[in-house]
Amino acid sequence: GRNNFKVLEVTTTAAPSTRLSINFTDPVDPNQNFDGLVNLGDSDDLRFEADGNLLLVYPSSRPQGELNLTVFAGLKSADGYSLKTAYAETISFDPLKPEVRLLSKGTIIPDAKNNPIYFETVNLSQVDVRVVEIFEDNMLQFLQESSLDNTDEYYLRRVGRRVAKKTITLADTNLRSANSWKAHALDLTELFKASPGSAYRVEFSFKPAYSLYPCDSVIDTSEEDEYYEEDYYYEEESLAETSGVDEEALETRYWDNEIYNWRRFTYNWQEQDNPCHPAYYNYDRLVQTNLMASDLGLTVKKGSNKTYHVYTSNLITSKPMKGVEVSLYNYQQQKEE
């Protein structure tokens, strides 16, 4: 009945912003003053938003650990009925898991003084950045089986090679603000000089040592896991034979097609979402994007009679470009007449 207004469920959301959702049996009166009707721990700075049966509560800062939630009698539904008794529950706000994600969109980088790429991180003190160049004279081969925005690595080794790698220390990594998303900008001109016509695979990754996630103990990456599935070599070579070889030397052998992979990941499906286990830091945590070095912007329109109209402009000045020669190639990399 309508005069049986009560709380059904309470859930928490960590991203993109910290939010508490209180689900009621009936729509909530959006015009009432919620101050004093909802209490969350010691916080006295809460923002409220009524959305049908939901009352959304936004703390001014991200809560930590367990907090007591109280919804007092007197809070009304849209029909004017009040809670008959107060609702109380202990709410847990789990810390955000270490992660990196891209903010920048698009795939073209013009030859400018600065070429920043924007990304976000949470609960990380550092990230590893790796850049692979897909060389200009290999672009047709790359586009035979891929597209410019495809980040699959299956064909990458045939057409590209690593040209830069850097570990970046992230600013503002104190523990008080560690449990929130932070935006960063990386100037790509500090890592490599873009060659016109080439494409670049930019990869962001992180290791257990970079994690700020609170664990009961240090993540042990030295032990062999029984679910461990990742081998360096095509041929059967023991780990003892590879000990003492640094990662850079192994990666060089990878790009020379002498070994299958230089990465080492611990695979354990039961622990793959546990930030306190090495299995969390696997290939799925990598973030990659393709960028192409060019000052030219192309607008191509295909006609019904298999004709193409191409319009060119300068990406830096936005002015039209004249005298640009445009060629079309078929799937077999042959120039069309």
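Throughout what follows, the structure given in this document is the object of discussion.

Reading guide: rules and limits
Residues numbered from 1 in each chain as written. Predicted model: local features only at pLDDT ≥ 70, side-chain atom pairs only at ≥ 80, totals over all residues. Heavy atoms only, no water. Core = buried A, V, L, I, M, F, W, Y, C linked by side-chain atoms within 4.5 Å. Buried < 20%, exposed > 50% of the residue type's maximum accessible area, 1.4 Å probe, protein only. Helix = DSSP H or I, 4+ residues; strand = E, 2+ residues; numbered from the N terminus. Contact = heavy atoms within 4.5 Å. Disulfide = S-S within 2.5 Å.

## Things to note about the nonpolar core
V127, V129, L186, L191 and F204 are the most contacted members of the largest nonpolar core, which has 26 residues in total. Elements with a minimum of two residues in this core: strand 10 (116-122), strand 11 (126-134), strand 12 (160-169), strand 14 (199-205) and strand 15 (287-293). The residues touching L186, leaving out its near neighbours within four places in the chain, are N115, P116, I117, F119, V129, I168, L191 and F204. Core analysis: the second largest hydrophobic core is formed by 22 residues, V7, F34, L55 and L69 among them.

## Overview of the state of the cysteines
Evaluated as defined, the whole model comprises one disulfide. The disulfide partner of C215 is C276, and the S-S distance across this bridge is 2.0 Å. Between C215 and C276 the sulfur-sulfur dihedral comes to about -95°; the bridge is accordingly left-handed. Pair noted here: C215 is in the loop between strand 14 and helix 3 (239-242) and C276 is in the loop between helix 4 (247-255) and strand 15, with a separation of 61 residues, a long-range link. Take C276: its relative accessible area is 29%, and that puts it in the partly exposed class.

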